[in-house]
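This is what each chain is made of:
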Amino acid sequence: MNVRTRIAPSPTGSPHIGTAYIALFNYAFAKHHGGEFILRIEDTDQARSTRASEQAILDALKWVGLRWDEGPDTGGPLGPYRQSERTSIYQEHSRTLVANGAAYPCFCTAERLADLRRTQAAQGGQPGYDGRCATLSAGEASKRIQAGEEHVLRLRVPAEGECVMQDGLRGEVRIPWNKVDHQVLLKADGFPTYHLANVVDDHLMKITHVIRGEEWINSLPKHLLLYQAFGWTPPEFFHLPLLRNPDKSKLSKRKNPVSILYYQRAGILPEALINYLGLLAYSFEDDREHFTLDEMAAAFDIKRIGLGGPIFDIQKLQAFNARHLREMSPTELLSRFKTWGLNEQAWLRIIPMAQPRLNQLSDLVPLAAYLFADRPAYAPTALLAGGVDGARLVQLLRIAQWEVEKAADWTFEGIKQIFGQIAEKENMKLKQLLPPFFIAITGAAVSLPVFDSMLILGRDMTLRRIQYALENLDSQGFALKKDKLKEFEKDYHAKYGL
RNA sequence: GCCCCCUUCGUCUAUCGGUCAGGACGCCAGGUUCUCAUCCUGGUAAGGUGGGUUCGACUCCCGCAGGGGGCGCCA
């Protein structure tokens, strides 16, 4: 059998460290068996997917050293590899499902579904579709479709019994069918949901082993139902434990930097990141702890994956990185500095800003040091020196954080607009608003322009520094407690939109 | 609330019934070093809990507890 695995990221934000983690195991497994590793973009969420995010994910995965045999950029015999370009395929397949009764049209409105969920929650039961449209006659359904009534396609799920499934790492897992929702397969906009697109594509792209996050294990019954309905042999499934925050919750950006771009910018080497990731939930039979991607693939044994969710420990990642750094020759290290960003091109962006502020050539490096640091150095009380009250500053930093996350693209104009808008909505002069941001981003009240700095640092490093500032204030007793924060976020959305 | 998964040092992990429970990160101490860092040496620290099975359980089974995930026209 020709082994084929895939990574199927959704292009809805910064490239996630978890994507690299899952991709690594897929890659190692495929290459160990002399097979192919495929990259597929799951951009069926029209509202949130962007091309910029897709590109960033591709670049980030390439940066860590992963190479795919087929993908949206490299092409391949079973493309297209972008789901938004395969809608006709899904629609065609969904017709098969309706024809053989595996799926049915549903005309329920979003309001009714929200209502349904609310009452179900109130009654303390498991929320889920009640099956109202499941019993509609074919004639009735097609009449309403003809009439142009908006509808979705739902999966028909057995009412009783249980789904017995095989997980390659856990063995047999059973889930009662009545705990499986009548999943929407085709949305009203004609796009498929993850479940449909994923199954159809995995089959059409001849994926033999699906290695994915544990978050999917509960939807495996739906997927198996689809394979069965199509008359296809399902691939083997392996659900990897999820990466965690230090508090053991699922790794999230609110508690940890999760963007690969941040680690890149902070000066983590791709081979160190891969090395570290390869040690989470996995161990080599010979106990080795330092290895390259190729070495991992050569020795990879999927059965050695552990099932406890590993905590992503930045300190240990740094230790591995330090070791890789130390093992290099100075010449090699110098070239790493250049590719990392300490190069002529970067200085040409910095120097024009620095020039008016220089008295001596020797002023340049101190002035620009923060642009190459992980975090700027400043006194604990510096953030408050601008005159903005601590409690208020926490709010402003939060708003900035959300606005920066939300920004469609990362340009000077965009950044300027974000802060202009905050100043306006918060009834402040930009001059009052900005001082603490100068500290948070550059580490000093007097420095190079802050918007340009943010631009150069990149969105993820900017977010990281805002986070550092929030942590700093927290340690001084200024923070929004959980419930207050929620309330504040609500007000924020009312004020700034979604 | 319901369903599913998981459970060895603080953290990542080894152990496939018999080990002084090993390694790595962290931390502590000592050595090397003009300082510091590196590097070297040593130390610290673990089988959630209650029952079984067995001559013998970290390892197999069951209960409990704890942790995590899922329950969207998001993936």
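Residues numbered from 1 in each chain as written. Chains lettered and ligands numbered in written order. Predicted model: local features only at pLDDT ≥ 70, side-chain atom pairs only at ≥ 80, totals over all residues. Heavy atoms only, no water.

1. Digging into the overall build of chain A
Looking only at helices and strands, chain A has 20 helices and nine strands in total. Taken against the 2.2 N^0.38 rule, which gives 23 Å for 498 residues, the C-alpha radius of gyration of chain A at 26 Å falls within 12% of a compact globule. Along the three orthogonal principal directions, the C-alpha set of chain A runs to about 80 × 55 × 40 Å. Restricting to contacts in chain A with at least 6 residues of sequence separation, those with at least 24 account for 75%. Of the roughly 24000 Å² that chain A leaves accessible, carbon and sulfur atoms contribute 52%. (Helix = DSSP H or I, 4+ residues; strand = E, 2+ residues; numbered from the N terminus. Rg over C-alpha atoms; globule rule 2.2 N^0.38 Å. Contact = heavy atoms within 4.5 Å. Areas by Shrake-Rupley, 256 points an atom, 1.4 Å probe, with all protein chains shown as cover.)

2. Structural notes on the pairing of strand β9 (residues 236–240)
Here β9 lies mainly inside the structure; four of its five residues are buried. One ladder, built from five bridges, connects strand β8 (residues 209–213) with β9; its direction is parallel. Residue R212 lies in a different strand from β9, and its bridge partner there is H239. (Buried < 20%, exposed > 50% of the residue type's maximum accessible area, 1.4 Å probe, protein only. Pairing = 2+ DSSP bridges.)

3. Focus: the nonpolar core
Of all hydrophobic cores here, the largest spans 105 residues; its most connected members are I17, L277 and F419. Tallying contributions element by element places helix α1 (residues 17–32) first for this core, with 11 residues. Composition of this core by domain shows at least three residues from each of domain 1 (4–84 + 243–320) and domain 3 (380–496). Listed in part, the 33 residues of the second largest apolar core include Y81, V173, V199 and V210. (Core = buried A, V, L, I, M, F, W, Y, C linked by side-chain atoms within 4.5 Å. Domains from an automatic or database assignment.)

4. Thoughts on the confidence of the model for chain A
The predicted model of chain A has a mean per-residue pLDDT of 93, with 100% of residues at 70 or higher. Here the predicted complex carries an ipTM of 0.95, next to a pTM of 0.95. (pLDDT = per-residue confidence, 0-100.)

5. Describing the pairing of strand β1 (residues 4–7)
The two faces of β1 match: R4 and R6 on one face and T5 and I7 on the other face are all buried. As judged from the four bridges shared by β1 and strand β2 (residues 36–39), these two strands associate in the parallel manner. When the bridges of β2 are listed, R4 appears paired with E36. Since β1 and β2 lie parallel, the crossover through α1 that links them has a hand, and here it is right-handed. (Right-handed = clockwise from strand over helix to strand, strands pointing away.)

6. Observations regarding the packing of helix α15 (residues 390–406) against helix α17 (residues 430–442)
Relative to each other, α15 and α17 sit at 80°, their axes nearing to 11 Å. When the axis of α15 is compared with that of α17, the two are roughly perpendicular. Along the contact surface, α15 presents L393, L396, L397 and A400, while α17 presents L433, P436 and F437. When its residues are assigned to classes, the contact of α15 with α17 shows seven nonpolar, no polar and no charged. (Axes fitted to C-alpha atoms, helices over the stretch in contact; angles between N-to-C directions. Parallel < 35°, antiparallel > 145°, perpendicular 65-115°, else oblique. Nonpolar A, V, L, I, M, F, W, Y, C, P; charged D, E, K, R; others polar.)

7. Looking at the domain arrangement of chain A
Taken domain by domain, chain A comprises domain 1 (4–84 + 243–320), domain 2 (86–234) and domain 3 (380–496). Placing the centre of domain 1 and that of domain 3 at their C-alpha centroids yields a distance of 30 Å. The interface is formed by nine residues belonging to domain 1 together with 10 residues belonging to domain 3. Carbon and sulfur atoms supply 46% of the area that domain 1 and domain 3 bury against each other, a total of about 860 Å² over both sides. A per-residue breakdown of the area domain 1 buries against domain 3 is headed by R254, Y262 and R265, which together make up 67% of the total. Applying the counting criterion to the domain 1 and domain 3 interface returns two salt bridges. Put simply, K253 and E405 hold a salt bridge, and the shortest N to O gap is 3.7 Å. Counting the contacts that link domain 1 with domain 3 gives five residue pairs in polar contact (both at pLDDT 80 or more). Taken together, the residues of the side of domain 1 that touches domain 3 sort by class into four nonpolar, two polar and three charged. (Buried area = accessible area lost by both parts, 1.4 Å probe. Salt bridge = Lys/Arg side-chain N within 4 Å of Asp/Glu carboxyl O. Polar contact = N/O pair within 3.5 Å; in protein donor to acceptor, adjacent residues only side chain to side chain.)

8. What to know about helix α19 (residues 459–475)
Spanning 17 residues, α19 covers 25 Å between terminal C-alpha atoms, matching the ideal 24 Å at 1.5 Å per step. Of all 17 residues in α19, 14 are buried; the element is thus mostly enclosed. Downstream of α19 by one or two residues, G477 has phi in the positive range, about 90°. (Expected span 1.5 Å × (residues − 1).)

9. Side note on the packing of aromatic side chains
Aromatic ring pairs are reported here in terms of the distance separating the ring centres and the angle at which the planes meet. Applying the stated criterion to the full structure yields 25 aromatic pairs. Centre to centre, the rings of F29 and F238 are 6.0 Å apart; their planes meet at 45°, and the pair counts as tilted. With F29 in helix α1 and F238 in strand β9, this pair connects stretches of sequence that are 209 residues apart. The pair formed by F29 and F238 is uniform in burial state, with each residue classed as buried. A centroid spacing of 5.9 Å and a plane angle of 35° characterise the contact between W402 and F488, whose relative ring orientation is tilted. Placement of the pair is W402 in helix α15 and F488 in helix α20 (residues 482–496), with a sequence separation of 86 residues. One aromatic cluster in this structure is built from Y21, F25, Y282, F284, F291 and F300. Stacked on the ring of Y129, the Lys or Arg R154 has its end atom at 3.8 Å from the ring centre. (Phe/Tyr/Trp six-rings, centres within 6.5 Å; stacked < 30°, edge-to-face > 60°. Lys NZ or Arg CZ within 6 Å of the ring centre and 35° of its normal.)

10. Considering helix α11 (residues 314–326)
Counted at 1.5 Å a residue, the expected span for α11 with its 13 residues is 18 Å, and the 18 Å between its end C-alpha atoms agrees. The complete set of buried residues in α11 reads L317, F320, N321 and H324. Seen end-on, α11 carries its buried residues on one side only, within an arc spanning 100°. Within α11, the exposed residues directed more than 90 degrees away from the buried face are Q315 and R326. Among the structural elements, α8 (260–266) and α9 (270–277) are those in contact with the buried residues of α11. (Arc of directions from axis to C-beta.)

11. A look at the sheet that holds strand β7 (residues 184–186)
The antiparallel open sheet is built from three strands, whose spatial order is β3-β4-β7. The sheet terminates laterally at β3 (103–106) and β7, the two strands that pair on one side only. Ignoring which end each strand starts from, the neighbouring axes of this sheet average 45° apart.

12. Section: unusual backbone geometry
Residue P80 is reached from G79 by a cis peptide bond, and omega for that bond is -5°. Its location among the elements puts P80 in the loop between α2 (51–63) and α3 (87–99). A positive phi is found at D287, a non-glycine position, where the angle reads about 70°. As for its placement among the helices and strands, D287 is situated in the loop between α9 and α10 (293–299). Unusually for a residue other than glycine, N427 sits at a positive phi of about 55°. Tracing the chain through its elements places N427 in the loop between α16 (412–425) and α17.

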